[in-house]
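Residue strings, one per chain:
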Amino acid sequence: MSVTPVEDAMRVKITQALNPSSLEIYNDSHLHAHHKAMQGSTSRETHFRIAVTSEAFESKMQPARHRMVYALLKEELEREGGVHALQLRTRTPKEEERQLAREKEERGEHIAEVKQS
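In short, a report on the structure. Per-chain numbering applies: the sequence of each chain, read as written, is numbered from 1 onward. Selection of residues for local features in this predicted model requires a pLDDT of at least 70, selection of side-chain atom pairs for listing and counting requires 80 or more, and totals for whole chains, interfaces and linings are taken over all residues. Think of the side-chain values as coming from all heavy atoms in the structure, minus any hydrogens and water.

Points about the sheet that holds strand β2 (residues 47-53)
Step number 1: Judged by pairing direction, the sheet is mixed, and its three strands sit side by side in the order β1-β2-β3 without closing on themselves. The open sheet terminates on both sides in strands that have one partner only, identified here as β1 (22-27) and β3 (85-91). Across the sheet, the mean angle from the axis of one strand to that of its neighbour is 10°, orientation sign disregarded.
Step number 2: The criterion for strand pairing is that DSSP finds at least two bridges linking the strands in question. Strands here are runs of E lasting at least two residues and helices are runs of H or I lasting at least four, both read from the DSSP assignment and numbered beginning at the N terminus. For β1 and β2, the ladder comprises six bridges, and the chain directions are antiparallel. Looking across to β2, one finds that N27 is bridged to F48. For helices, the fitted axis covers only the stretch in contact; all axes are lines through C-alpha atoms, and the angles between them, taken along N-to-C directions, range from 0 to 180 degrees.

Structure below.
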C-alpha cells in the first residue's frame, strides 16, 4: 500500500486525462500541519502544488485550464480530510519552452544560434 495514495491518485488522473509532457506534484502538507484549520486532521496529504505542461491546454485561458484540473481532482478536493489547498501552474509545451528560454537568458546563458554555411 502506498504512503501517498492521494498524490498517486492525482498523478494517475492527470496523466491519463491530459497526457502531460511534464508533471510535477509537490506535497507541501508538512508546511501547513501547524495551521489551526489542520488541527485534528490525520491526513498528511492536504496541501499540494502541481505544475503540469500539456497540449490539452492549447488555446485555453488559465481559468479554463484550472477548471480542467479541478474537475479531474474533484473527488480528492471534496473528500472529508482530503485536499485542502491546491496551487496550479498550467502551461502548454510552447509556453514552457518560452519560459525556460527566458530563465536561461536571465542567468546569462544565451542560446547560441547555429548557422550553417
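Back to the text.
Regarding the pattern of salt bridges
Step number 1: A side-chain nitrogen of Lys or Arg and a carboxyl oxygen of Asp or Glu constitute a salt bridge if their distance falls within 4 Å. If you walk through the whole model with that rule in mind, you get nine salt bridges.
Step number 2: Across the pair E78 and K74 runs a salt bridge, and its minimum N-O distance is 4.0 Å. Of this pair, E78 and K74 both sit in helix α3 (residues 74-78), four residues apart, roughly one helical turn.
Step number 3: Two residues, E75 and R79, come together in a salt bridge whose shortest N-O distance is 3.1 Å.
Step number 4: Relative accessible area decides the class of each residue, using a 1.4 Å probe on protein chains only: under 20% of the type maximum gives buried, over 50% gives exposed, and in between gives partly exposed. Exposure remark for E75: the relative accessible area of 48% places this residue in the partly exposed category.
Step number 5: The exposure class of R79 is partly exposed, given its relative accessible area of 37%.
Step number 6: Salt bridges here are not isolated pairs; linked through shared partners, they connect K13, E75, E76 and R79.

A few points about the packing of aromatic side chains
Step number 1: We call Phe, Tyr and Trp rings a pair once their centres come within 6.5 Å, taking the six-membered ring for Trp, and we label the pair stacked below 30 degrees between planes, edge-to-face above 60, and tilted otherwise. Evaluation of the coordinates by the stated rule reveals zero aromatic pairs.
Step number 2: Either the NZ atom of lysine or the CZ atom of arginine qualifies as a charge over a ring when it sits within 6 Å of the ring centre and within 35 degrees of the ring normal. Stacked on the ring of Y26, the Lys or Arg R49 has its end atom at 4.2 Å from the ring centre.

Focus on helix α1 (residues 5-18)
Step number 1: The span one expects for a helix is its residue count, reduced by one, times 1.5 Å. If you check α1, its first and last C-alpha atoms are 20 Å apart, about what 14 residues at 1.5 Å a residue would give, namely 20 Å.
Step number 2: In what follows, residue pairs with any heavy atoms lying within 4.5 Å of each other are defined as contacts. In the core, the buried residues of α1 are packed alongside β1, β2, α2 (62-72) and α3.
Step number 3: One or two positions beyond α1, positive phi appears at N19, with a value near 45°.

Some thoughts on the packing of α1 against α2
Step number 1: With their axes 9 Å apart at the nearest point, α1 and α2 run at an angle of 125° to one another. As summarised for this structure, α1 and α2 are arranged oblique, according to the angle between their axes. When you trace α1 past α2, the crossing you get is right-handed. Facing α1, whose interface residues are K13, I14, A17 and L18, α2 presents M68, V69 and L72. If an angle is under 35 degrees, it is roughly parallel; if it is over 145, roughly antiparallel; if it lies from 65 to 115, roughly perpendicular; otherwise it is oblique. In this scheme the crossing of two helices becomes right-handed for a clockwise turn of the near helix relative to the far one and left-handed for an anticlockwise turn of less than a right angle.

A short note on the pairing of β2
Step number 1: With six of seven residues buried, β2 is to be regarded as a mostly interior element.
Step number 2: In terms of strand pairing, β2 meets β3 through seven bridges, oriented parallel. Paired with T53 across the bridge in β3 is R91.

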